[in-house]
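Structural overview
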Amino acid sequence: MLRRIAAFLHRHPGVYTSLMIGPSSAVLLFLVAVPTLIILYFSVLTRDSSGLIQQVLTLENYASLWDPRFFWVLVRSLALALGTTMLCFLVALPLAYWITMYGGRWKNLLIFLIILPSWTSYLVRVYAWVFLLRDNGLILNTLETVGILAPDHQVRLLFDWPAVLIVMVYSYLDFMLIPLYAALNRLDRPTLEAASDLGARPLRRLWSITLPMIRGGILAGSVLVFVPSIGEFLVPGLMGGNKVNMAGNLLDWAFLQTDNWPLGAAMAMVLTVIILAIIFIYLRSVGKQGTLERFS
Amino acid sequence: MIRKRILSRKFNRRQFLKSTAAVGVLASTLSSRHAFVGFAQSDMPSELLDAVAGESGELNIFNWSDYIDEDTVPQFEEEFGITVNYSTYEDNEELLAAVKADPGAFDLAVPTQDMMFRMRTQGLIQTLNTAWLTNTINLSAQFLKPEWDPNNEYFIPWQWGTTGLAYNSALIDDPRTAGWQLLFDGASDFSGRITMLNEKEELISSPLKFLGLSLNTDDLGEIGQTRDILLNQKPHVSAYLGAEVKPLLITEDVWAAHLWSGDTFQAQCPDEGGNENLEYVIPEQGAELWVDGQVLLTDAPNPATAQLWMNFSMRPSVNAQLTNYVFYATPNQASLDQNLVDEELVSNPSVFPTQDILDRLEFQLERTSEEARQLMCDIELDIKS
Amino acid sequence: MTATYSVEFKSVSKFFGDVKAVNRVDLQVHKGEFFSLLGPSGCGKTTSLRMIGGLEHPTEGDVFINNICVNNVPPYERDSSIVFQNLALFPHMTVAQNIAFGLKLKKMPRDQIKAKVSEMLGLVQLSGMEKRRPDQLSGGQQQRVAVARSLVLQPEVLLLDEPLAALDRKLRKEMQIELRRIQRDVGITFIYVTHDQKEALSMSDRIAVMKDGIIVQLGPPEQIYEQPRTRFVADFMGASNVFDASINQQNDEHFTMKTQQGLDVLAKIGKTLESDPIGFSVRPEAVRMVVGNEKPSLENAYQGKVASLVYLGDVTEVEIELQGGDCFVAFVNTTSQSTKVEEGQAVWVAWSAQDSNLLLA
Amino acid sequence: MKFRSWTPKLLLIFGLLMYVFVYMPMVTLVIYSFNGPEDEERRVRFPWIYTTGEWHDFSLKWYKELFDDRDMKKAFQNSFTVALWSVTLSVLLGTMTAYTLYRRKFWGKGLFEQVLYIPLFMPGTIVGVSTLMFFRFIGLPRGFWTILLAHVAFSIPLVTLVILARMQRINWTLEEAAMDLGANQFTALRKVIFPLLRPGIFAAGLLAFPWSFNDFVITFFLHGPKYNTLPIMIYSMAGRSGAVSPVINSLGTLILVGSLMLIGLSFLLQGQRDQGKGKP
C-alpha cells in the first residue's frame, strides 16, 4: 500500500509537495492570515450601549482612535521599543564580542548560559525584578551601601519608565545577542587582522570594518527586539505601575477590561499595519538569509 | 474508609468543625454514602437533592482567586459526592468577558453586586429556586432582601468588605489620615509613596466620596470633577495597583494605599511577617461597601448542584471558615451568633465595621446612564494614557 | 529479434527551462559493456546518467533498461544503481550498514545480507573494515564502499558519476585499474561519466563524447582518439595539431587539403564521408621530426625550424614552425641521442597520409 | 598598543556584569524558594509574605507544599501537555515545511515564506487578540484547543527556521542515493535524512518546548477560565496576593535544575558520540 502511494507521489511530485506543505499552510492561513482579516472585520463593527457587538459597519472605531491620548501611548510604545532596541544593542555588542574573541572553547557554554534563564517561567523572573528594583530593594540598597547614592537620594526605579526599560532589556537581550554573536562568529578574523595591519585603530576598525560586516546580524537583532517590544504589556503593567502604559496595555484594556472589541480591533489593526510595514521593509533589505541568521 | 479520611482531616484542622452537618457526617459514615446524603436532608431539602441526583455530579465554580478556604471544596465534595471544578478570575471585567465568551462553561460565579446588575441586564444569570435555599435564614438582615435583589432570587452573598485607606502609622503622622484628603490633598506631601486601586469603578469612587458625593451619581458634572482631582494626583501616585500593593506596604515602599479591607488585614498579617504599623481607615467622608455574591449562570449545566453549593455556603460553619481564612466579613449572621468567626476578626472594626461606620458606607449600584459610563471610561483613559 | 541492450535512449531530451541539457539523444549500451560518457561540464552527461537512474525525468523520449521503458519507474524500483560524484555514503552508518542498506530494503534475510556484505567487502578489498564509519576511511576506501554499496544489489547497470574526481592522481590511477577489474569480475554494465579523456580512454569499451546535449562521436577509445570526427572532439581529446583547411583536390584515394597559411596536406580516405571536411588533425606522436637536409619519404613532409622545446621526461614536445607559418607539435623520444635539437634549428616535419585525420563540421 | 592591553579586561568586567544582570532575578528566585517558617509543618495562610525580603529561616516547606498543591499540579500538567503536543505537532509540520521549502519549488513559495516569518516578530498581544477573535468567530470555546492551535501556529516558523539552518549542512545527494538503493521517498526521509536532521530537530524542540511551556501573553488571551497553564496560574496568584508565592519559586528552581540536568545529559551524550567518532 505504502509502496503504491510512494510510487503515485513520485509520479505526481506536485501532490507530494502539496501534502507536505499543506498542513502548515493551512495553519498559517487560518491562524495568521485569517485572524488578521478578522481584526479588520471586528474593527468596523459597532458596539451597542450594553456592550453587545452589532453587525453594523462603521468607521467610528478608527475615528475614536484619533485622540491625542492614544497617539501618545503609541509614541511612548515606539520610543520605549526603540530605547530597548538601542540599549540591547549597546549591551549585547560588547558581550557578544567578548564571547566571540575571548570565549575560546567556552563560547557555546557562555551563550547557553545567557539563554538558560528563559527556561524558567518568564513571569516569575519579571516579578523578581519588582523586589530588586523597589526603593528598599537590592539594587538601590547596594548602591547606597557602596556610596554611589547618597542616603537621602530621591532615585526611584520601580513604577516608572526606567524599570520598564531595564526589564525590557532583560527580557529581549538574547534576541539581540544571538544574531550578533552568530554574525561575529562568522566574521573573518584575517580581515580584521588585515585592517589592524593596515593601521586601523580599534575604534576605527569597529566602525568601518566590524560593524558593516555584521550588518545583517544587527538588523536581525534589532527587528527581533523592536517589533515584539512594541506590543509588550506585561512589563509596562508590572514595572510601570499601570502608569507607563504601552500599546499592549491598551489592547488588554480594550479587549479584557472594557470588553470593547471593535475599538480594540481598530487599535490592533493600526499596530498590525505598522508592524507589517517594518517587517516588510526588513525582509526586503536583508532577504531571508537575515532571518536565518538568528538560528544558524 | 470515608470515616477514616474525614477523621484525620478534621483533627488536623486548626478549627474543629462544630456544625451539625459535620457531626452528622461523623455519625453517619458507618453506612454507605447514600445513607449519609440522606442524613443531610436536615440541611438540604429533598427535592434539591433529587434534582442534584439527576445532574452530572460535577460542579463548575468560577470565583475570585484566593477567595476560599482550602478545605471548603474538599468538604463539599466529600459530603455530597460531587466533583468540583474550581476556576478563578482577577476582576469583575474578566469574569464578564469569560462568561460571555464561554457560555455553559460554569454553573456559578461570584460577581460583586454591581456586576450582578450588568450580568442580569445582559441575560447572563437566571433566577434561583428560593425554596431550595433553606439556609437563607442565616443571612444578616443587611443582605436579606437588599435593594439590588429584593427577593434573594439572584444573588447569594459570599463575603463582603469595604474599600478604604491603608496607611503606615509609623511613617505617616498626619491628621489627614482620617479621610480621603490623605490621598488627594496630601498627595504631594507623600509623593511617590501612595498608590491607588487600578479598577475604574474603585478609582473614580474615591474622589466622588472625597467630594462628599454619592458614588452612584449619574450627574456628568459631578463625575467630571473627579477627572481634575485624579489628574492632579497622578504625578504623585507611585502606581495604580490591585492586591500587588500588599508586599510593598509591608516593605514600606508604599506608605498609604487605596485598598480593600481584607487585603489590608492580610498585609498586617498577624500570623507572621506582616507590618503591624499598618492601619486601615474608612474615611470620614464615607467609602464603598461591597458584597460578592453567588449567581446562577444562564447556561449552567448543573443548576441544582450550583444551588446545593449556595445553600452549603450559607451554613454558618462554612461561611465562618471562609471569613477566618480570607479575612473578609461574613454575611452570615448565624456564623457570628454561634461564635464561629475568630475573635480577632470580629473585634477588628476594619473587618467588621461598627454601626456608625456602616452608616457612612454606600453600595455601588450599576449605572444606568450610558453617558455616565462613557465619561468614566474616558477619565480612566486619561489616567492610563 | 532485436538485440537486448542494457540501456537504450530513444530520442531522449531533458530541458531545464530554456536550457536543453540533453537534446534528442539516441544511445544503446550493450550488456556487460564499460561505457563512458565523456565531455566538458554542462554537456549533459550527468543529466543523461541521472535519467537512467530515475533521478531526472526525461522531457521527451523514452529510456529503456533491459528493453523495458522505465520512464515512469521511480528510482527505487529501477534495476540501476549510481555511484555518486561525492559518493553520498551515509555518514551515520558503518561501512557494513552502508552496504547492507539496499539489501535490507529488499527484506533479504539477515544471514544472507551478512554473507553478501562480506563477499562484497572481499571484492572491493575492504575486509575487516565493516565497523568503521565513512569519515574514518581514506578517499580510496570510501570509493570502494560506494561501489560495493551499489554492486551488492546486482543491478543491470552501474552508473558512475565522476566517482574519481576528488582523488589525487596516483590514487586515481589505482582506482581506475581497480574499477576495471571489478567490472570484469562482476560482468555488470558500467556507465561511466567523466570529463577526463585519459580516464575514459583507459577504462572504456566504448566512449560517447557529448557536447551541448548531443553525442558528437561514439566509438571505441582508439577510434575516438585517433580519428576524432570533429574539431571539438579533436581538441577535447588533446590533439595538438588541429588545422582549419579546405579541399583543394580529391581523387579516389586522397584528399588534398589547403590550410589558411597555404600548406597543402595529403590525406587518405578510408570510407565515404557524410559531409565535406573543414579541417584535419594529426596526432603529435604520428608526426616525425627529421634532422638534416634529406626529405623524409612520407606523403606529407615540410621544412621548418624548431620554435620551442618542452621536456616532458620520456618524450620531448617539440614545436616546429613551418615556412608558411603553421605550427606543428611532435613528440620526440628523449632517449634517442640522434634527435637532440636546439631552438631555431632547421628540421623536417613529416607524417603519413593515413595519419591525416579529416574533421567534419 | 596600550589600547590593546586594557580592552580585554574591560570587556571581561563588562561581560561578568552582564551575567550578574541576567542572573540576578534567577538567584533571587532560588533564594526565596528556601525562605520559610522555622516549623515546616505549620500552616501558612499567606506564603507570599515570605518573598517580601525578610529572611525567615532555611526551609523546604515550599518544596513539600509544591507536591501537595492540586491546582499547581493541574496547571503544570496542562502546561506540559500543551507544550508537548505543540512541540510534537510543530516539529512534525515544521520539518515537513522546511523540507519542502528547501527541496521543492511550488506556486506561491515566495508569499508562503513571507507569511511564515511574520509570526516570529508579531507581538504576543496582537497574536493573542487576533486569534481570540478568530476562535470566537468560528465558535471554538477557549481552552486547551485554542491554546494548542495558537502555540502550534507560532512554533512552526521557529522550528522551520532552525531545521532549515540544519538542512543547509546536509548533503542532499544522500537522499538520492537512498532512493537509488531502493528506498522510496518516505523510507529515504526516515532512514537517511531524519537521522542526519536529528540534532536540528532536537534543537528546534529545545527552543519550542520552553517557549510553549512558558508562554504567557498569547495564552493569557486564549486560556479560557477553566484551562489554566502554569504561567497563567502564576499570574493570577501573583496578581491576587501581590507577590509570587514561594511555592512557585520552588517550582521555578526545580524546572531550572531539571533543564540543567537535561542539557548536561545531552552535552554528555553528544560528547561521548564525538569521542567515539574520533577513534579510528
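Definitions and cut-offs
- Residues numbered from 1 in each chain as written.
- Chains lettered and ligands numbered in written order.
- Predicted model: local features only at pLDDT ≥ 70, side-chain atom pairs only at ≥ 80, totals over all residues.
- Heavy atoms only, no water.
- Patch = residues over 30% accessible without salt bridge, like charges linked within 9 Å, V, L, I, M, F, W, Y side chains within 5 Å.
- Areas by Shrake-Rupley, 256 points an atom, 1.4 Å probe, with all protein chains shown as cover.
- Salt bridge = Lys/Arg side-chain N within 4 Å of Asp/Glu carboxyl O.
- Helix = DSSP H or I, 4+ residues; strand = E, 2+ residues; numbered from the N terminus.
- Buried < 20%, exposed > 50% of the residue type's maximum accessible area, 1.4 Å probe, protein only.
- Expected span 1.5 Å × (residues − 1).
- Contact = heavy atoms within 4.5 Å.
- Phe/Tyr/Trp six-rings, centres within 6.5 Å; stacked < 30°, edge-to-face > 60°.
- Lys NZ or Arg CZ within 6 Å of the ring centre and 35° of its normal.
- Buried area = accessible area lost by both parts, 1.4 Å probe.
- Polar contact = N/O pair within 3.5 Å; in protein donor to acceptor, adjacent residues only side chain to side chain.
- Nonpolar A, V, L, I, M, F, W, Y, C, P; charged D, E, K, R; others polar.
- Domains from an automatic or database assignment.

1. A few points about a nonpolar patch on the surface
Residues and elements named next belong to chain D. A contiguous nonpolar surface patch, about 490 Å² in accessible area, is contributed by Val27, Ile31, Trp55, Phe58 and Leu60. Here Val27 is to be found in helix α1 (residues 2–33). Overall, the relative accessible area of 44% leaves Val27 in the partly exposed class.

2. Let's talk about helix α5 (residues 169–186) of chain C
Residues and elements named next belong to chain C. Taking 1.5 Å of rise per residue, 18 residues should cover 26 Å, and α5 covers 26 Å from first to last C-alpha, within 8% of that figure. If you follow the buried residues of α5, they end up packed against β3 (34–38), α3 (110–123), α4 (139–151), β7 (157–161), β8 (189–194) and α6 (197–203). With its phi angle positive at about 70°, Gly187 sits one or two positions after the end of α5.

3. Looking at the packing of aromatic side chains
How two aromatic rings sit relative to each other is set out by the distance from centre to centre and by the angle between their planes. A full pass over the atoms with the stated rule returns 58 aromatic pairs over all chains. One aromatic cluster is present, formed by A:Tyr41, A:Phe42, A:Phe255, A:Trp261 and D:Phe137 through successive ring pairs. Taking NZ or CZ as reference, C:Lys20 lies 5.6 Å from the ring centre of C:Phe15, over its face. Its end group placed over the ring of A:Trp261, D:Arg136 keeps NZ or CZ at 3.7 Å from the ring centre.

4. A short note on the interface of chain D and chain A
Counting residues at the interface gives 87 residues for chain D, matched by 92 residues for chain A. Roughly 8,400 Å² of surface becomes buried between chain D and chain A when both sides are summed, with 82% attributable to carbon and sulfur atoms. Three residues, D:Tyr19, D:Phe121 and D:Met133, lead the burial of chain D against chain A; their summed loss comes to 10% of the area buried on that side. Seen at the junction of chain D and chain A, the total is zero salt bridges. Our count for the contact surface shared by chain D and chain A stands at seven residue pairs in polar contact (both at pLDDT 80 or more). Considering each element in turn, the side of chain D that touches chain A owes the most residues, 16 residues, to α1(D). Across the side of chain D that touches chain A, the residue classes tally to 65 nonpolar, 19 polar and three charged.

5. What to know about the domain arrangement of chain B
Residue and element names in this part refer to chain B. Its domain assignment divides chain B into domain 1 (13–160 + 290–346) and domain 2 (162–289 + 353–384). Between domain 1 and domain 2, the residue contacts involve 18 residues of the former and 19 residues of the latter. Taking both partners together, domain 1 and domain 2 bury about 1,800 Å²; carbon and sulfur atoms supply 61% of that area. Considering only the surface of domain 1 that becomes buried against domain 2, Trp290, Phe327 and Tyr328 emerge as the three largest contributors, covering 35% of it. Our count for the domain 1 to domain 2 interface comes out at zero salt bridges. On the surface where domain 1 and domain 2 come into contact, there are four residue pairs in polar contact (both at pLDDT 80 or more).

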